[in-house]
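# Descriptive analysis of the structure
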Amino acid sequence: MVYESNPALRPLAFPCIGIVPAGSSPTLTSSLSPATATGGDRLGSYSPPCRNHRDQVAAQRWKPSRSRLRPPREAISPPDLRPPAHFLRVRLFPCLPQAPSIVKSALGSEISPVEGSNSTGHGWPPFDGPRGTHRLGELDLAFLASYSIGMYFAGHVGDRIDLRRFLSFGMVASGITTIAFGMGYWWKIHRFGFFLAVQVVSGVFQSIGWPCVVAVVGNWFGKSKRGLIMGIWNSHTSVGNIVGSVTASAVLEYGWGWSFLLPGCLIVVVGFLVLAFLVVSPKDLGYEPAAPMEVEMSGSSVINGSAENMEGVQLEEASLLTPRQDPDSASAIGFLEAWRLPGVAPYAFALFFSKLVAYTFLYWLPFYIRNTAVAGRHLSNKTAGILSTIFDIGGVFGGISAGYISDKMGAHAVTSLIFLFLSIPTLIFYRVFGSVSGLLNITLMFLSGFFVNGPYSLITTAVATDLATQDLIKGDSRALATVTAIIDGTGSVGAALGPLLTGYISSRGWNSVFVMLILATSLASMFLIHIAKAEIARK
């Protein structure tokens, strides 16, 4: 979307051309002859509306938007109008899922002794004992299942109500449920049902976040360089994971309840900041998008008066005579209708398997590092939690790189396939050689995060936004939250399945877990091959 403030670009200097500002009344062209309006003789019957033009213009109530003669190369919002509260919010929301992953090693029973650790080797009932990992996996399933189901409804609701209030409500409620989970430490709660119920409710509230934030960002940026912009913006997920991991690990030694209490309080505070400062759309500030149909003006085209130029003018006038529906009054796209949009289903199922891999690392990587010797030495809970942030750091660079490459290539599916294919040998190397030395472990962990999070970031942001604004639905931005919810909601089902399977499979050995991850990556690639072929054929 383009917002221009140069008064020289107003159409007052060209009264005979029939161009009006975006969003203004088309009555300025009402003096066209019937032959022109009905597509008659293109040259002989043309009667430009010159009479009393300036008086008619003066009577119009102009909106803040300005028409333009040539579309600029970049279509973005003014830097001073972009919502900083929104980026603050999305940086902190991912802190919440990190708390359970960091605390797993404290809740579950010890698998291997740790040198220099004061741990007694016992976990927190009911997560200790031989079935401890199973119950931890069931907690992940409860949270992510409610998260994925809730996302479908959240996207549907988000297209129809005030996104700012809806998003703030989800943040505050998510913080309260996270605090409630941590209070189980001080209340001495050992009932599995309590923790299960809290995770289910927390997943529903946290599902409000992603469809809303993608819709907000989609309102502020055009299609140009969307992959790079979305890749940079989506780094908030990894940044939030890092902040959550470091915060939860820093206070874990004082009791695992603090790892939930602190992030929960933080997200509540930011929720109120978002409510006070978030600007959902440029329209909220009085700015209107430029007209979708433009006429490029040049001195030669006006002087020569060729048939081609006159045809372009007539097409412009005909479009102005056609009533335009107000986007705000248009009904949002239906759930089943969004599923039938081209590309939505393949990308949704590709994200199912891609997110399965990403969330298995998110929820189990600290536990894996804690219970796997690195250079012959086991790390403490705190060190394992902090070290796991290397995966998220790699994810930051992977998401940005995937967005940049997809913009240069103009092919989202091809870029995703490249990253998915390269992640397979990287996962193998990390499992086989990650325990050789600390440096090798960090390097391979970084590369794993780079290639695993690249396609995951690209599909959930730039791809979802492109699919929701494609020509088939005439760029209706009200479909953004619905399409995003479908794609990421389907991916979240895989995200729920991965940690659950890991909880059961890990008791048989971590080699089986990595086989599952490699298989899921291969299946994600299969869903994108057909789209990638189509992208290559268009080049």
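What you see is a predicted model, and the numbers here were worked out from it, not measured in a lab.

For the rest of this paragraph, the subject is a nonpolar patch on the surface. On the surface, Ile-428, Phe-429, Val-432, Phe-433, Val-436 and Leu-440 cluster together to form a nonpolar patch covering roughly 510 Å² of accessible area. Since its relative accessible area comes to 40%, Phe-433 is described here as partly exposed.

Turning next to the confidence of the model for the chain. Here the chain shows a mean pLDDT of 74. Residues at 70 or above account for 67%. The least confident element of the chain is helix H1 (residues 34-37), whose mean pLDDT is 38; the most confident is helix H18 (residues 412-433), at 95. Predicted confidence is poor over residues 111-121, with pLDDT under 50, and the contacts of this stretch with residues over four places away or in other chains come to 13 contacts. Throughout residues 291-308 the model reports pLDDT below 50, and contacts reaching past four residues in sequence, or to other chains, amount to 23 contacts.

What follows is about the nonpolar core. Ranked by internal contacts, the top residues of the largest apolar core, which has 105 residues, are Trp-256, Phe-361, Ile-369 and Tyr-430. Sorting elements by how many residues they give to this core places helix H15 (residues 344-370) first, with 18 residues. Discounting chain neighbours no more than four positions away, the residues touching Phe-361 are Pro-366, Phe-391, Leu-427, Tyr-430, Phe-514 and Leu-517.

Within the secondary structure, Ser-168 is located in helix H6 (residues 163-186). Since its relative accessible area comes to 4%, Ser-168 is described here as buried. A distance of 3.4 Å separates a polar side-chain atom of Ser-168 from the backbone oxygen of Gly-271. In this structure Ser-168 touches Gly-271, Val-274 and Leu-275, once residues within four positions along its chain are discounted.

How each quantity is defined
- What you see as residue numbers is a count from 1 along each chain, following the sequence as written.
- This being a predicted model, a pLDDT of at least 70 is required before a residue's local features are given, and a value of 80 or more before pairs of side-chain atoms are given or counted; all residues contribute to the totals for chains, interfaces and linings.
- Excluding hydrogens and water, the side-chain figures rest on all heavy atoms present in the structure.
- Here a patch means residues that are over 30% exposed by relative accessible area and free of salt bridges, tied together within 9 Å if like-charged and within 5 Å if nonpolar (Val, Leu, Ile, Met, Phe, Trp, Tyr).
- In short, Shrake-Rupley with a 1.4 Å probe defines the accessible areas, and a residue's cover is counted only from the protein chains shown.
- Within this document, salt bridges are pairs made up of a side-chain nitrogen of Lys or Arg and a carboxyl oxygen of Asp or Glu, the two lying within 4 Å of each other.
- Three labels apply to residues, based on accessible area from a 1.4 Å probe with only protein chains included: buried if under 20% of the type maximum, exposed if over 50%, partly exposed otherwise in between.
- Per-residue confidence from the predictor is given as pLDDT, running between 0 and 100.
- Strands are runs of DSSP state E lasting at least 2 residues, helices are runs of H or I lasting at least 4, and numbering of each runs from the N terminus.
- Whether two residues are in contact is decided by their heavy atoms, any of which lying within 4.5 Å being enough.
- By nonpolar core we mean a set of buried residues, namely Ala, Val, Leu, Ile, Met, Phe, Trp, Tyr and Cys, connected to one another through side-chain atoms within 4.5 Å.
- Identification of polar contacts relies on pairs of N or O atoms within 3.5 Å, with a donor-acceptor requirement for protein atoms, meaning one able to donate a hydrogen and the other able to accept it, and with residues adjacent in sequence counted only if both atoms are side-chain atoms.

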